[in-house]
Amino acid sequence: MMIELCDSSAIGEGEILRVDVDDFPAIAVARHEGALYVFPDRCPHADESLAEGWLEDGRVVCGVHFAEFELGTGAVHNPPVGCPNLSFFKCEDRDGKVFATLAGGPVNV
Amino acid sequence: MCEGGCKGAAKGRPDMKPVYPRAASYPQYAGLVDRKNAQVDRQVFVSDAVYQAELQQIFARAWLFLAHESQIPNPGDFIRTSMGEDDVIVVRQRDKSVKAFLNSCPHRGNRVCMVDAGTKARGFICNYHGWSFGIDGALRGTDGKVYEKDQSFEKAQIGLTPVAQIDSYKGLIFATFDPDAPSLAEYLGPFTWYMDIMLDNDPEGTEFVGGAIKSEIDCNWKFPAENFVGDILHAFWTHQSGAQAILGGGVDLGSRYDELAFQASVYGHGIETNLDKVGNTRTLGYPELVDYVFDLSEKAKDRLGELRARAIGAVSSCTVFPNFSFLPGQNTFRVWHPRGPGKIELVVWTLVNKSAPEHIKEQYRKGVMMTFSPGGVFEMDDGENWEYSTRVNQGFVTRQQPLHYALGLESADLERDLPGHVHKGSLNDANQRLFYTRWAEFMEYDNWTDLQSGETAPPQKKAVEAAE
Ligand code: FES
Ligand code: FES
Ligand SMILES: [Fe+2]
């Protein structure tokens, strides 16, 4: 079941926004070349916030140790030792609202 | 760490605010400079206790040169340098301002930046436990798996220690660790009128070209600083053979020496110049450069006035107290970083006008390398002298012996309407006496009111217009 996260207008091009949803760990929503991406606001490396990082060349960059994750595939680049890939939640823009399937955890889209 | 018992819930949380050390007063060290008899006690070149006092009184308070704006043009560009013995990172911010921090992690103190310079840094990650700092110095994160679970951890108040004040003057960035220090403009005072000879002779301003050349010299930092503040005397002996080799003739102060040459000093900063137009530039060995400077000084008359236009390439030298020096005409800019009483790390750069043609910039760069790099003709001449001037004082008896700083005691020029304490002739110890007087003021005074109103403060006289 998809649940509503936020207004899609709240996320500008090239931005990452942290969204708090009841019963789930913090979520991050990003927009790149118009498309929306939803993923846990927790870096797979050491749990720091990805919403405090930034987008660069189609990747989410963690601001703490600079792991880079490809938007879409989640493949990690420049990984600190032992850093796995990032996973994403299925999401869509319904009438100006961002919806995502959070239950069951993230899957690669 | 366990005051009030270790069992209670509310333990003392660490106070991670920056600490800027306080100055003290060391009249016993100030007394090592005998102003009445124009003598300097050799203890100032060898004593460890004096050296530690210098770090506290001078290097933790004075405005110190960090970098030229042109070295870090874009956000994230950085260089590593030192202020005294303190390792410092200088970084361009996203809003184009510049910040500088101690290069030491607040966790266990490890150095967070290992390289000398870089571009577009995303931040600085400490090698030890991975604490990560933004280019603004703030702690961005640590290891969330550990620290996020620790309720008492207060990330927000942790960061790299920023310098207390940072500012720039016509492209040159300076900083101080003293929150109470006066503004950079006040610290430099009217000495900027002389600095403009190099920094403002062209409307487009200046830049550093080439890299930084580093070397070590086993000398006390004050020997090179006093040499550049006003010792052209040594050139006639030390540099005579080097000058012969490059110029085919000796050092020459120009035919109008008696009329033109002078020394000027403001708060211990000093310039000696002979106003001979191109004497320093000639030693770089490129006739085209000499033509360029002749041309430049003709054009610069509007901006700088006749007198300063003659100084652009002249036989001359400057020190900005305490340890930043440059040579007009030869365009070498340098910092003598102290590394103990008997050692310095020397970093040198070449300054050019942005508007200069490429091949002129290239000739300055090469010319400086031939003369004032570790393998340069003149640098080698100087270094050896400073090393022996320092080292001989290891001799217990030797270091009791007086030194003579008394050339030109009667040479004060009260007529010439120039900023600062002006003395006739460049062959003079006047600026060096005032340099050590300034040194003594820093040793003696624990506050800036006294520091800015002592003997070295510029005498009150008619203000000199920037463009006469
Ligand atoms: S926490 Fe993101 S890279 Fe280390
Ligand atoms: S010393 Fe820097 S992270 Fe521990
Ligand atoms: Fe010299």
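Residues numbered from 1 in each chain as written. Chains lettered and ligands numbered in written order. Predicted model: local features only at pLDDT ≥ 70, side-chain atom pairs only at ≥ 80, totals over all residues. Heavy atoms only, no water.

Would you mind going over the domain arrangement of chain B with me for this structure?
A common way to report how large an interface is uses the accessible area buried once the components associate. Residue and element names in this part refer to chain B. Looking at chain B, the domain boundaries give domain 1 (63-180) and domain 2 (190-467). Taking only C-alpha atoms into account, the centre of domain 1 sits 31 Å from that of domain 2. Taken together, the contact pairs 17 residues of domain 1 with 23 residues of domain 2. Across the domain 1/domain 2 interface, buried area totals approximately 1,600 Å², and carbon plus sulfur atoms make up 59% of it. A per-residue breakdown of the area domain 1 buries against domain 2 is headed by Phe-65, Tyr-169 and Lys-170, which together make up 30% of the total. Put simply, domain 1 and domain 2 have three salt bridges between them. One salt bridge in this structure joins Lys-170 and Asp-196, with 3.1 Å as the shortest N-O distance. For the pair domain 1 and domain 2, the interface holds nine residue pairs in polar contact (both at pLDDT 80 or more). (Domains from an automatic or database assignment. Contact = heavy atoms within 4.5 Å. Buried area = accessible area lost by both parts, 1.4 Å probe. Salt bridge = Lys/Arg side-chain N within 4 Å of Asp/Glu carboxyl O. Polar contact = N/O pair within 3.5 Å; in protein donor to acceptor, adjacent residues only side chain to side chain.)

Explanation requested: the sheet that holds strand S12 (residues 172-176) of chain B in the structure shown.
Whenever strands of a sheet pair, they do so through backbone hydrogen bonds, lying parallel or antiparallel. Residue and element names in this part refer to chain B. Reading across from one edge, S3-S12-S11 is the order of the three strands in this open sheet, with antiparallel pairing throughout. What marks the edges here is a single partner per strand, and that holds for strand S3 (64-68) and strand S11 (165-169). Averaged over all adjacent pairs, the angle separating strand axes in this sheet is 30°, with direction ignored. Relative to S11, helix H6 (residues 192-199) is tilted by about 60°, and along the sheet it contacts S11 and S12. (Pairing = 2+ DSSP bridges. Helix = DSSP H or I, 4+ residues; strand = E, 2+ residues; numbered from the N terminus. Axes fitted to C-alpha atoms, helices over the stretch in contact; angles between N-to-C directions.)

What exactly am I supposed to notice about the coordination of the iron ion (ligand 3) here?
In an ideal tetrahedron of four donors about a metal, each angle is 109.5 degrees. In an ideal octahedron of six donors, the angles are 90 or 180 degrees. All names here are of chain B. Distances from the iron ion (ligand 3) to its protein donors, His-234 (NE2), His-239 (NE2), Asp-382 (OD) and Asp-382 (OD), fall at 2.1 to 2.4 Å. Relative to the metal, the four donor atoms surrounding the iron ion (ligand 3) lie at angles of 56 to 146°, and the coordination shape comes out irregular. Going along the chain, you hit the donors of the iron ion (ligand 3) in the pattern H-x4-H-x142-D. Here His-239 is found in the loop between helix H7 (222-230) and helix H8 (240-247), whereas its partner Asp-382 is found in helix H13 (residues 377-391), with 143 residues between them in sequence. (Donors = N, O, S within 2.8 Å, 3.2 Å for Na, K, Ca; no water. Tetrahedral: all angles 85-135°; square planar, octahedral: opposite > 155°, others 65-115°.)

Would you explain the environment of B:Tyr26 in this entry?
Residue and element names in this part refer to chain B. You can see Tyr-26 is positioned in the segment before helix H1 (27-30). Taking the C-alpha atoms as reference, Tyr-26 lies 8.8 Å from Asp-446; in sequence the two are 420 residues apart. Not counting the four nearest positions on each side in its chain, Tyr-26 is found in contact with Ala-53, Gln-56, Gln-57, Met-443 and Glu-444.

Please clarify how the sheet that holds strand S10 (residues 139-141) of chain B should be interpreted in this entry.
Residue and element names in this part refer to chain B. Taken together, the three strands give an open sheet; going across it, the order is S8-S9-S10, and neighbouring strands pair in antiparallel fashion. The open sheet is flanked by strand S8 (124-125) and S10, the only strands paired with a single partner. Pairing of strand S9 (residues 132-133) with S10, which is carried by two bridges, proceeds in the antiparallel orientation. By the bridge assignment, Phe-133 is partnered in S10 with Leu-139.

Teacher, can you tell me more about the pattern of salt bridges here?
Residue and element names in this part refer to chain B. A complete count under the given rule lists 33 salt bridges over all chains for this structure. As a salt-bridge pair, Arg-13 and Glu-154 come within 3.2 Å of each other at their nearest N and O atoms. With Arg-13 in the segment before H1 and Glu-154 in the loop between helix H4 (144-147) and S11, this pair connects stretches of sequence that are 141 residues apart. We classify Glu-154 as partly exposed; its relative accessible area is 35%. Here the salt bridges do not stand alone but share partners, grouping Arg-80, Asp-87, Arg-111, Asp-116 and Lys-214 into one network. (Buried < 20%, exposed > 50% of the residue type's maximum accessible area, 1.4 Å probe, protein only.)

Even after reading the chapter, I still don't get the interface of chain B and chain A, so can you show me in this structure?
Counting from both sides, the interface comprises 13 residues of chain B and, opposite them, 15 residues of chain A. Counting the surface lost from both chain B and chain A, the interface buries some 1,100 Å², and carbon and sulfur atoms represent 46% of this. In terms of surface lost to chain A, no three residues of chain B exceed B:Arg122, B:Arg140 and B:Lys145, which account for 53% of the buried area on that side. The interface formed by chain B and chain A holds three salt bridges in total. One salt bridge in this structure joins B:Lys155 and A:Glu52, with 3.8 Å as the shortest N-O distance. Contributing elements (two or more residues each) for the side of chain B that touches chain A: S10 and H4 of chain B. Residue composition of the side of chain B that touches chain A, grouped by class: one nonpolar, six polar and six charged. (Nonpolar A, V, L, I, M, F, W, Y, C, P; charged D, E, K, R; others polar.)

Before we go on, may I ask you to explain the nonpolar core in this structure?
Within soluble globular proteins, side chains that are nonpolar generally end up buried alongside one another. All names here are of chain B. Counting 108 residues, the largest nonpolar core has Phe-174, Tyr-194, Met-195, Phe-333 and Trp-439 as its most contacted members. Among the elements that take part in this core, helix H11 (residues 287-309) stands out by supplying eight residues, more than any other. Inspection of this core shows a minimum of three residues originating in each of domain 1 (63-180) and domain 2 (190-467). Apart from the residues within four sequence positions on either side, Met-195 is in contact with Tyr-169, Leu-172, Phe-174, Leu-188, Val-320 and Phe-326. (Core = buried A, V, L, I, M, F, W, Y, C linked by side-chain atoms within 4.5 Å.)

For this particular structure, what's the right way to read the pairing of strand S4 (residues 78-83) of chain B?
Regular strands have side chains that alternate between both faces of the sheet. All names here are of chain B. Among the six residues of S4, six are classified as buried, and the element is accordingly described as predominantly covered. Here S4 shows two buried faces, one formed by Phe-78, Arg-80 and Ser-82 and the other by Ile-79, Thr-81 and Met-83. In this structure, S4 lies alongside strand S5 (residues 86-92), joined through six bridges in antiparallel fashion. Bridged to Met-83 within S5 is Asp-86. Between S4 and S5, which pair antiparallel one after the other, the connecting turn spans two residues, and Gly-84 there sits at a positive phi close to 65°. Two elements, S4 and strand S7 (residues 117-118), share two bridges in a ladder whose sense is antiparallel. When the bridges of S7 are listed, Ile-79 appears paired with Ala-117.

Can you help me understand the packing of H6(B) against H11(B) in this one?
Each pair of packed helices can be summarised by the angle the axes make with each other and by the distance between the axes. All names here are of chain B. Relative to each other, H6 and H11 sit at 105°, their axes nearing to 10 Å. Relative to H11, the element H6 is oriented roughly perpendicular. Touching Trp-193, Asp-196 and Ile-197 of H6 are Leu-304, Leu-307 and Arg-308, all from H11. Class assignment of the residues belonging to the contact of H6 with H11 gives a composition of four nonpolar, no polar and two charged. (Parallel < 35°, antiparallel > 145°, perpendicular 65-115°, else oblique.)

What's the story with the pairing of strand S16 (residues 316-320) of chain B in this structure? I'm lost.
Residues and elements named next belong to chain B. The element S16 is largely enclosed, with a buried count of five among its five residues. Burial along S16 is two-sided: Ser-316, Cys-318 and Val-320 and Ser-317 and Thr-319, pointing in opposite directions, are all buried. With four bridges joining them, strand S15 (residues 269-273) and S16 adopt antiparallel strand pairing. By the bridge assignment, Gly-270 is partnered in S16 with Thr-319. Counting the residues that bridge the hairpin from S16 to strand S17 (residues 324-327) gives three residues.

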